[in-house]
Structure formats: C-alpha cells, structure tokens
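# A closer look at the structure
These are the residues of each chain, in order.
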Amino acid sequence: LLDTIFVKISKEKKPLIVILDDVNYLASINDVFYKILKAHESYSGVKAAIWAISTKNISYLLDDRIRSVFSHTEVNFPVYSKQQVIDILKKRCEYGLYPGVLSAKLLDKIAEVSKDIRTAIYTTKIAVMNAENQGETKVTEKHLTFQDRHEKKPVKEEDLILKEIGQQIESG
C-alpha cells in the first residue's frame, strides 16, 4: 500500500501530509513515522510531513532514528474550563440531538467528571447510544459510563492508518 501511495504522489509531484490524532496511542509509532519520513530516499520527489497530535509529549516514544529526522514544533493548547466543556457539549447536542434529550444537569455532571474535552464528548456519545439502545428518548444518569475511550484496548493500527491514507489519496 505504501508503494502505491508513494508512487502516486511522486508522479503527481504532490506533497503528502499525514495527520495522526492521538498518536501517543499508536502501537507502531516508530515504524509509521520512519516509513513516511524516509520515503524521499526511495521515491524521487516525494515530500512527506507528519502532524502528530497528542495529549502528551511523544518524544520519549520515538527512537533515535526517528528523532534524527522528525523535527517538531510543539503547540500547546490550554485545558478547557468546566464551563467551556459544558458550552461545547451544549453546541454538540444542539446540532446532533433533539431538544431535551440530554439535560443541563447531566451535561454539568459529564463536564465535572471528565478529565478532558475528548473524554466528555466520548462520554456524551456513549450515554446517548446507551439510551437509544434501550429504546429511550432521554438520557438519564443510568446511561452514563465514565470510561476513557482509550482504556478499551491497545491498538496496532498501522495498517488501518496506511489504508486510510491510501483511500484519501485515491479519492483525490
């Protein structure tokens, strides 16, 4: 798959930008980074960059061969306040749910317990799905589960990432 991607972008003389969200959960981070960042050595004219998004500093995850070619700039975003989390969840609920499906009281509880915005959004999503699966039109406390979305399983997703990159390139 990588050969196909790199051959195509080499012929089209287009750069490849790979954006990896939650990269600190990527089990094969060094292999993925290496293949992308060193592609120019095997494919003429290939220019590739990685935007790595993480809730933690990933430098300690990278081995020496990656650190030597991955020059990065950190951009830190401040943690959202509880009120900001509530406001974001309210907007999401306005766009995605019927009015009254999720009460302000439950949004407040989700914002209070969640450690970050991603966990709050995930918790809201799961609560809505729980209510829907139980045939209910309103989310109640019994639908809330507070589990970080990454606690489920360690992920070996190199093939999934490369497949997604290939699909994005093929679709133009």
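Here, the structure is the one placed above.
Model, not experiment: these values are computed from the prediction. (Residues numbered from 1 in each chain as written. Predicted model: local features only at pLDDT ≥ 70, side-chain atom pairs only at ≥ 80, totals over all residues. Heavy atoms only, no water.)

Of regular secondary structure, the protein possesses seven helices and two strands. Burial analysis of the protein (172 residues in total) assigns 34% to the buried set. Within the protein, residue pairs in contact and separated by at least 24 positions form 68% of the contacts whose partners lie at least 6 positions apart. Counting every atom, the protein has about 11400 Å² of accessible surface; 53% of that belongs to carbon and sulfur. (Helix = DSSP H or I, 4+ residues; strand = E, 2+ residues; numbered from the N terminus. Buried < 20%, exposed > 50% of the residue type's maximum accessible area, 1.4 Å probe, protein only. Contact = heavy atoms within 4.5 Å. Areas by Shrake-Rupley, 256 points an atom, 1.4 Å probe, with all protein chains shown as cover.)

Moving on to the pairing of strand E2 (residues 48-52). Pairing of strand E1 (residues 16-20) with E2 involves five bridges; the strand directions are parallel. From the neighbouring strand, Ile17 faces E2, where its bridge partner is Ala49. Traced from E1 through helix H2 (residues 29-37) to E2, the parallel crossover comes out right-handed. (Pairing = 2+ DSSP bridges. Right-handed = clockwise from strand over helix to strand, strands pointing away.)

On to the packing of helix H4 (residues 82-96) against helix H6 (residues 117-133), then. Viewed as axis vectors pointing N to C, H4 and H6 meet at an angle of 40°, and their least axial separation amounts to 10 Å. By crossing handedness, the relation of H4 to H6 is classed as right-handed. Across from Val85, Ile88, Leu89, Arg92 and Cys93 in H4, the residues of H6 making contact are Ile117, Ala120, Ile121 and Thr124. Partitioning the contact of H4 with H6 into residue classes produces seven nonpolar, one polar and one charged. (Axes fitted to C-alpha atoms, helices over the stretch in contact; angles between N-to-C directions. Left-handed = near helix turned anticlockwise from the far one by under 90°. Nonpolar A, V, L, I, M, F, W, Y, C, P; charged D, E, K, R; others polar.)

This next bit is on the pattern of salt bridges. The full count for this structure, using the stated rule, is 13 salt bridges. Lys91 is the salt-bridge partner of Glu94, the closest N and O atoms lying 3.7 Å from each other. With Glu94 and Lys91 both in helix H4 and three residues apart, the pair spans about one turn of that helix. Note that Glu136 and Lys142 form a salt bridge whose closest N and O atoms lie 2.9 Å from each other. The class of Glu136 is partly exposed, set by a relative accessible area of 28%. Under the relative-accessibility criterion, Lys142 is labelled exposed at 56%. Via salt bridges that share partners, Lys8, Glu12 and Lys14 belong to a single interconnected network. (Salt bridge = Lys/Arg side-chain N within 4 Å of Asp/Glu carboxyl O.)

A separate point is a nonpolar patch on the surface. Together, Ile17, Ile19, Trp51 and Ile53 make up an exposed nonpolar region whose accessible area comes to about 410 Å². With respect to the helices and strands, Ile19 occurs in strand E1. (Patch = residues over 30% accessible without salt bridge, like charges linked within 9 Å, V, L, I, M, F, W, Y side chains within 5 Å.)

Moving on, we get to the nonpolar core. Counting residues in hydrophobic clusters, the biggest one holds 22 residues, and the most contacted among them are Phe6, Leu20, Phe33 and Phe70. Put simply, the parts of the chain that give this core at least two residues each are helix H1 (2-12), E1 and H2. The greatest single-element share of this core, amounting to five residues, is contributed by H2. Core analysis: the next-biggest nonpolar cluster, separate from the first, contains 17 residues, Ile86, Val101, Leu106 and Ile110 among them. (Core = buried A, V, L, I, M, F, W, Y, C linked by side-chain atoms within 4.5 Å.)

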